Amino acid sequence: MAALVKALNARIRSNPVTDYFCSTHFWGPASNFGIPVAAILDTQKSPELISGQMTGALTIYAFTFMRYSLAVTPRNYLLFACHFVNAGAQITQGYRYLDYHRWGGKEKLALVTGVDGAAANAVKSA
């Protein structure tokens, strides 16, 4: 059995394409794309639900690993793309958070809807 696994591994590693698709250079970023996808989908939700601290932490995380993806050898451009998209999504969420909580978005929403944000969100989700 060990010889079979060893032969299969040698066959996978001999082809550059299958070697890449069976490596952490592919599966790490591929599985990590869930974070920016979730952030992009969250842009359709109420800004009242955004956590400013988590958005800040994820923005720093994205920029840190964008740098890391180019510092490793070989450079991991798929990881860079994942964190580039994540940084953009988190910056968008950060703007939405600041607009709602600091720059009068909550008051503007109350004037437009005639109710507070929590009531508007409850009506929207019902």
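An unreviewed UniProt entry annotates the protein chain as Mitochondrial pyruvate carrier originating from Lasiosphaeria ovina. In UniProt, the protein chain has this text filed under Function (unreviewed entry): "Mediates the uptake of pyruvate into mitochondria." The UniProt entry for the protein chain carries the following comment under Subcellular location (unreviewed entry): "Mitochondrion inner membrane".

**A closer look at the layout of surface pockets**
Its boundaries defined by the atoms lining it, the largest pocket holds a volume of some 230 Å³. Counting residues per element, the lining of the largest pocket draws most heavily on helix α4 (residues 34–42), which supplies four residues. Its residues placed into classes, the lining of the largest pocket shows seven nonpolar, five polar and two charged.

Reading the values: the criteria
- Along each chain, the written sequence defines residue order, and numbers are assigned to residues from 1.
- For this predicted model, a pLDDT threshold of at least 70 governs which residues receive local features, and a threshold of 80 or more governs which side-chain atom pairs are given and counted, while totals over whole chains, interfaces and linings are taken from all residues.
- Note that the side-chain values use all heavy atoms of the structure and ignore hydrogens as well as water.
- UniProt positions are given in the numbering used here, feature names are shortened, and annotations may be inferred rather than shown by experiment.
- Cavities and pockets were defined on a 1 Å grid built over protein atoms only: a cavity is a set of grid points that admits a 1.4 Å probe from which the probe cannot escape, a pocket is an open set flanked by protein on both sides within 12 Å along at least five of seven lines, and lining residues are those with an atom within 4 Å of any such point.
- Grid points are joined across faces, edges and corners, and a volume is the space filled by probe spheres set on the points.
- To qualify as a helix, a DSSP run of H or I must reach at least 4 residues; to qualify as a strand, a run of E must reach at least 2; elements of each kind are numbered from the N terminus.
- Each residue gets one label: Ala, Val, Leu, Ile, Met, Phe, Trp, Tyr, Cys and Pro are nonpolar, Asp, Glu, Lys and Arg are charged, and the others, such as Gly, are polar.

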